[in-house]
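One-letter residues, chain by chain:
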Amino acid sequence: MRFEITHDFDIPRDAVELAVLSPDLAKRMAPRLQGIEHVEQSRHSLIDGILERVWSWRADVKIPSFAERYVTRDMCAWDERSTYDIKRHSSEWTIEPRVKPSFRKYFDARGTYELVQLDDGRSRRVVRGELELRVTSLVRAIAERMIVGEVRKTFDAEAATLRDLATLG
């Protein structure tokens, strides 16, 4: 399943970008997150204009009854790895579930994150992603839509936090 999430900011790209680079972004975003038990930054390295960052997540969700046979609570934790290039104003990201390596073949999520300068000092963030669950088609269709819905909520929370950080709010 492919998806795209955009957020417009009434602030310049450079200000939003400084917020994206902030080592405090995850900590500042955490209170806004719904359905997330915990998020922490486990890596933040800015060298030669490239930010390498890892955020470790754990969801706080009730597993739907139709999925209880297939999904355990431990499967609701993951690492988000991203590499942001300041010159390109963009990044690539991947999600790595914290499950046994043999189970990782059932899930793949990756994408891009771009900051675009708009007219009148505004900017836009565009997140594009692709999510694939390799399970039965009935479970896949429902679960992928649910996951993308949660991803959207998370990026909404991040956008609000970026606004605050960029405007010292």
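Cut-off values and rules
Residues numbered from 1 in each chain as written. Predicted model: local features only at pLDDT ≥ 70, side-chain atom pairs only at ≥ 80, totals over all residues. Heavy atoms only, no water. Phe/Tyr/Trp six-rings, centres within 6.5 Å; stacked < 30°, edge-to-face > 60°. Helix = DSSP H or I, 4+ residues; strand = E, 2+ residues; numbered from the N terminus. Buried < 20%, exposed > 50% of the residue type's maximum accessible area, 1.4 Å probe, protein only.

K.L.:
What exactly am I supposed to notice about the packing of aromatic side chains here?
P.N.:
Each pair of aromatic rings is reported with the distance of its centres and the angle of its planes. Enumeration over the complete set of coordinates arrives at four aromatic pairs. Plain terms: the ring middles of Trp57 and Trp78 are 6.0 Å apart, the flat faces sit at 10° to each other, and that makes the pair stacked. With Trp57 in strand 3 (residues 50-59) and Trp78 in strand 4 (residues 77-85), this pair connects stretches of sequence that are 21 residues apart. The interplanar angle of 55° and the centroid separation of 6.4 Å between the aromatic rings of Tyr113 and Phe155 together place this pair among those described as tilted. With Tyr113 in strand 6 (residues 107-117) and Phe155 in helix 3 (residues 137-166), this residue pair connects regions lying 42 residues apart in the sequence. Neither Tyr113 nor Phe155 differs from the other in exposure class; each is buried. Each member of the aromatic cluster is reached from another via a ring pair, and the members are Trp55, Trp57 and Trp78.

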